[in-house]
Amino acid sequence: MNQIYSTAIQYIDPVVSKISEHIDNNHHEFSTEQYVKLVDDISTVSWVSSTSGKLHKRNNLSFCSKYVHFLSKYTIPIYDSYIWILIIGYLKQAGYKHLSFAPPASYASFFDTFQIFKKAFSLHEHSNYAIDKYLWVYGKQLITEIAKTRAVNLEKAKSILKSQLISEASNGNNEMQIQGQETMNTEIPAETLIALQHNFHSVILERLGDGHIKMHGIDELPRLEMIKESADKKAWFPVAGMFGGFEFWIDRTDNGQYQLISESWSRVVGGSGQRHVVTVDGYELVEEGFV
């Protein structure tokens, strides 16, 4: 679990002990408030070093929110830095100037702020899971783009995004602007679209495998018409069991040929990102290890 979630927990025993102490087979009857409390109950651990004899403490907030997120069947959102930056940044733009980008003191504090965010932007019709997933994908997209264009690492990119959000708040921008990126404005020939879709499906099948497809009941792979139907913006094909999915869009090469770009990842597996370039003739893995 520690390896899958990439949480760098070096002392696993105290984490396991806390989970065993607070979680039993009755958790499926918990309310949302009880799941929130459960994250804080198991997140802070302490242990005595066998070499130095010193007492150590650590708050595994991100890991434990992931753990209980799955345990609660997606009832509560995951805490991570991407989501937190966007929530605080947009709330600042909405007038909540007192909020800080500093990590929350507890999961309960994060969840309260998440609820304020939902209310401020009238998102009550959407589930916590849907908002959580959207914010993470959007945050990842923004931060990755900053890292690429500014040639900086992810931590510096996060810092730049915070500054941008604060600057927009200072300029009186209180509108949450989440926009897709345009990729093309012309009609794609039907035979080209069919070939791209076939090869894109091959990428998905190779990435997931037949077992994963059957296990999670995926009945239909994405149709490329959905890009055209959404004004030629990027599209997202989520895969629940993967806790991630495939972001894809179509653009044109320098010689005018259409190609599809696919970026796929699992949110809970560090370095799982893969970028494929799909053409009418096949596909190629051009980058991996990001996210």
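Residues numbered from 1 in each chain as written. Predicted model: local features only at pLDDT ≥ 70, side-chain atom pairs only at ≥ 80, totals over all residues. Heavy atoms only, no water.

Asker: Help me get a handle on unusual backbone geometry, residues and values and all.
Answerer: Excluding glycine, residues mostly have negative phi values, and the peptide bonds linking residues are mostly trans. The backbone of Tyr74 sits at a positive phi, close to 70°, despite the residue not being glycine. Considering the arrangement of structural elements, one finds Tyr74 in the loop between helix 4 (61–71) and helix 5 (81–93). With a phi close to 55°, Ala151 is a non-glycine residue in the positive phi region. With respect to the helices and strands, the residue Ala151 is situated in the loop between helix 7 (128–150) and helix 8 (154–170). (Helix = DSSP H or I, 4+ residues; strand = E, 2+ residues; numbered from the N terminus.)

Asker: Give me the pattern of salt bridges: which residues, what numbers.
Answerer: If charged atoms from side chains of opposite charge come close, those side chains can pair. Using the criterion set out here, one finds seven salt bridges in the structure. Asp132 serves as the salt-bridge partner of Arg267, at 2.7 Å between the closest nitrogen and oxygen. With Arg267 in the loop between strand 5 (258–266) and strand 6 (274–279) and Asp132 in helix 7, this residue pair connects regions lying 135 residues apart in the sequence. On the basis of relative accessibility, which here comes to 0%, the residue Asp132 falls in the buried class. Arg275 is the partner of Glu287 in a salt bridge, and the nearest nitrogen-oxygen pair spans 2.0 Å. With Glu287 in strand 7 (residues 282–288) and Arg275 in strand 6, the pair connects residues that are twelve residues apart, well separated along the chain. Residue Arg275 is classed as buried on the basis of its relative accessible area of 9%. (Salt bridge = Lys/Arg side-chain N within 4 Å of Asp/Glu carboxyl O. Buried < 20%, exposed > 50% of the residue type's maximum accessible area, 1.4 Å probe, protein only.)

Asker: Please set out the packing of aromatic side chains residue by residue, giving values where relevant.
Answerer: In total, this model carries 19 aromatic pairs according to the counting rule given. Relative to Tyr129, the ring of Tyr74 has its centre 4.8 Å away and its plane inclined at 25°; by these criteria the two rings are stacked. Note that Tyr74 is positioned in the loop between helix 4 and helix 5 and Tyr129 in helix 7, a separation of 55 residues in sequence. Here Tyr74 falls in the partly exposed class, since its relative accessible area comes to 30%. Taking relative accessible area as the criterion, Tyr129 reaches 17% and is therefore assigned buried. A ring pair is formed by Phe237 and Phe246, whose centres lie 6.4 Å apart and whose planes are at 40°; its orientation type is tilted. (Phe/Tyr/Trp six-rings, centres within 6.5 Å; stacked < 30°, edge-to-face > 60°.)

Asker: Explain the confidence of the model for the protein residue by residue, including any values.
Answerer: Confidence in the prediction for the protein averages 83 pLDDT; 84% of positions are at 70 or higher. Here helix 10 (residues 225–229) is the element of the protein with the lowest mean pLDDT, 59, and strand 6 is the one with the highest, 95. Counted against residues more than four places away or in other chains, residues 174–186, with its pLDDT under 50, gives 29 contacts. (pLDDT = per-residue confidence, 0-100. Contact = heavy atoms within 4.5 Å.)

Asker: With reference to specific residues and values, describe the side chain of Asp80.
Answerer: Relative to the helices and strands, Asp80 resides in the loop between helix 4 and helix 5. Look at Asp80 and you get buried, because its relative accessible area is 9%. Within the structure, the side chain of Asp80 is placed 3.3 Å from the backbone nitrogen of Tyr82, a separation counted as a polar contact. Side-chain polar atoms of Asp80 contact the side chain of Trp136, separated by 3.3 Å. (Polar contact = N/O pair within 3.5 Å; in protein donor to acceptor, adjacent residues only side chain to side chain.)

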